[in-house]
Amino acid sequence: MTDENSHRAAALSHLRRAKLEKGDPVALPLTMASMFHLPGAPAGFAQYGRFSNDTWEAVEEMLGHLEDAPALGFPSGMAAIAAALFATLKAGDRILLPSDGYYTTRILTERFLTRLGVTYETRPTATFLDGGFDGFRLVFLETPANPGLDLCDIKAVADAAHAAGAIVVADNTTMTPLGQRPLDLGVDIVVASDTKAPNGHSDALFGHVSSRDAEIMQAVSDWRKLAGGIPGPFEAWQVHRGLETLDVRFQRMCDTAEFLAEKLKDRDDVKALRYPGLAGDPSHNLARAQMLRFGFLIGLILESETKAEDFIDGCALLQPATSFGGVHSSAERRARWGDAVDPGFIRLSVGCEPASELWRAIEVSLDARRN
Ligand code: PLP
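Residues numbered from 1 in each chain as written. Predicted model: local features only at pLDDT ≥ 70, side-chain atom pairs only at ≥ 80, totals over all residues. Heavy atoms only, no water.

Student: Can you walk me through the site of the ligand in this structure?
Tutor: Around the ligand sit 14 residues, and of these M78, D171, S193, T195 and K196 come closest. The contact in question runs from an oxygen atom of the ligand to an N or O atom on the backbone of G77, over 2.8 Å. Here K196 contributes a side-chain N or O atom positioned 2.7 Å from an oxygen atom of the ligand. The protein chains hide 92% of the 390 Å² of surface that the ligand would expose on its own. Element by element, the count of residues in the shell around the ligand is highest for helix α3 (residues 77-88), at three residues. Of the residues assigned to the shell around the ligand, the class counts are five nonpolar, six polar and three charged. (Near = heavy atom within 4 Å. Polar contact = N/O pair within 3.5 Å; in protein donor to acceptor, adjacent residues only side chain to side chain. Areas by Shrake-Rupley, 256 points an atom, 1.4 Å probe, with all protein chains shown as cover. Helix = DSSP H or I, 4+ residues; strand = E, 2+ residues; numbered from the N terminus. Nonpolar A, V, L, I, M, F, W, Y, C, P; charged D, E, K, R; others polar.)

Structural data, given as structure tokens:
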């Protein structure tokens, strides 16, 4: 971790301190309110639960601190992505999406944006720069892409897309601002699902949009207030609590993923392995250049669908579950959702269990499928 990110992580759980008065609780109070006591002129006061909430604002302060940019909270990662797209696009715009990124972003575009006169193209993340960006109003990237874990060069995409007149959005869900900093590399908007590692406990959905462009943030804030896709205060409180331990969880998850990837690469029953931190990974040089850590997701291919399912089910320390970024390790076969990956492809989300115990459990389950 850079010194700068280390300062950021250290200050994160002290952000409230500056506002506390003697006798205030150190932990964040939960404000559950739709109505506020509001006699007379309303300006300058909390007015209505769709407009503002102290608990969201505390989380937004933390997310903004991590991004080094203003941040707005949303009830899920998809609500954040929808807000970024609907707040910036208009009829006649053409957008570029990754063909191998989180599939719901493509479905949202196909089902709803095309009806409003927005057209789109897709392109694989590994060759995202090929073909240039002429004619696009918005370029949306995701790196490492979920689930295949290919990378694209964020700065090169941002520079070329800006030269072509496009705005650039990065989905940074797989890395968090502690692992990769797309805004510092030149993108205009970061979107993320904080349902994953930022909350970290698999018990709440949340998302955020962050940008250093005041006009964009105003449009996203207006979208949220008018469309009504606001975060629930309780979920905001949960994410606030999760963020206080993000650094310690994330560093451990990345350390363990590096350790496991090295172990997995030596096994002949693993047909293929993707982890940006492995020296032999096709994206390794780019990963070294643009990522602060190599992340906690590993992609591995076993011989068949059955072997993959049995491996996951038979591993005592893996939750068979979709989603990722929890304190508990989890895994799933992505082809079950229709992702264009090998039937035996498993996305493994490394959690916070002690690394050697986790490896032992994985090894036992892999060994049991040898024949
Ligand atoms: N972006 C990526 C890369 C994801 O993996 C996900 C969910 O898996 C999302 C966005 C959507 O997040 P949410 O489920 O919080 O709406």
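Student: So what exactly am I meant to see when it comes to the domain arrangement of the protein chain here?
Tutor: For interface size, the figure often reported is the accessible area lost on association. Domain annotation of the protein chain identifies domain 1 (3-243) and domain 2 (247-368). The straight-line distance from the C-alpha centre of domain 1 to that of domain 2 is 26 Å. The interface of domain 1 with domain 2 comprises 33 residues on the first partner and 31 residues on the second. Counting each side, the surface lost to burial between domain 1 and domain 2 is near 2,500 Å², with a carbon and sulfur contribution of 60%. Together, P147, L149 and L151 form the three largest contributors to the area buried by domain 1 at its contact with domain 2, with a combined 24%. (Domains from an automatic or database assignment. Contact = heavy atoms within 4.5 Å. Buried area = accessible area lost by both parts, 1.4 Å probe.)

Student: Explanation requested: the pattern of salt bridges in the structure shown.
Tutor: Two side chains bearing opposite charge may form a pair once their charged atoms approach each other closely. Following the criterion strictly, the structure yields 28 salt bridges and no others. Notably, a salt bridge pairs E4 with R8, separated by 3.2 Å at the nearest N-O pair. Highlighted residues: E4 and R8, both in helix α1 (residues 3-12), separated by four residues, approximately one helical turn. R293 is the partner of E258 in a salt bridge, and the nearest nitrogen-oxygen pair spans 3.1 Å. Pair noted here: E258 is in helix α9 (residues 246-264) and R293 is in the loop between α10 (284-290) and β9 (297-301), with a separation of 35 residues, a long-range link. Each of R267, D268, D269, D367 and R370 takes part in one network of salt bridges that share partners. (Salt bridge = Lys/Arg side-chain N within 4 Å of Asp/Glu carboxyl O.)

Student: What should I look at first to understand the side chain of D269 in this one?
Tutor: Structurally, D269 can be placed in the loop between α9 and β8 (272-274). Under the relative-accessibility criterion, D269 is labelled buried at 17%. (Buried < 20%, exposed > 50% of the residue type's maximum accessible area, 1.4 Å probe, protein only.)

Student: Quick question: what am I supposed to make of the side chain of T55 here?
Tutor: Topologically, T55 is positioned in helix α2 (residues 54-67). Since its relative accessible area comes to 0%, T55 is described here as buried. Ignoring any residue separated from it by four or fewer positions in sequence, one finds T55 in contact with L28, P29, L30, T31, P233, A236 and W237.

Student: What exactly am I supposed to notice about α2 here?
Tutor: Since the α-helix turns once every 3.6 residues, residues separated by three or four places project in the same direction. With 14 residues, α2 extends 20 Å between its outermost C-alpha atoms, agreeing within 8% with the 20 Å of an ideal straight helix rising 1.5 Å per residue. Taken across its 14 residues, α2 has ten buried, putting it largely inside the fold. Within α2, burial applies to T55, W56, A58, V59, E60, M62, L63, G64, L66 and E67. Taking the backbone nitrogen of T55 as reference, a side-chain oxygen 2.7 Å away marks N53 as the first, capping residue of α2. Following α2 by one or two positions, D68 adopts a phi angle in the positive range, close to 60°. (Expected span 1.5 Å × (residues − 1).)

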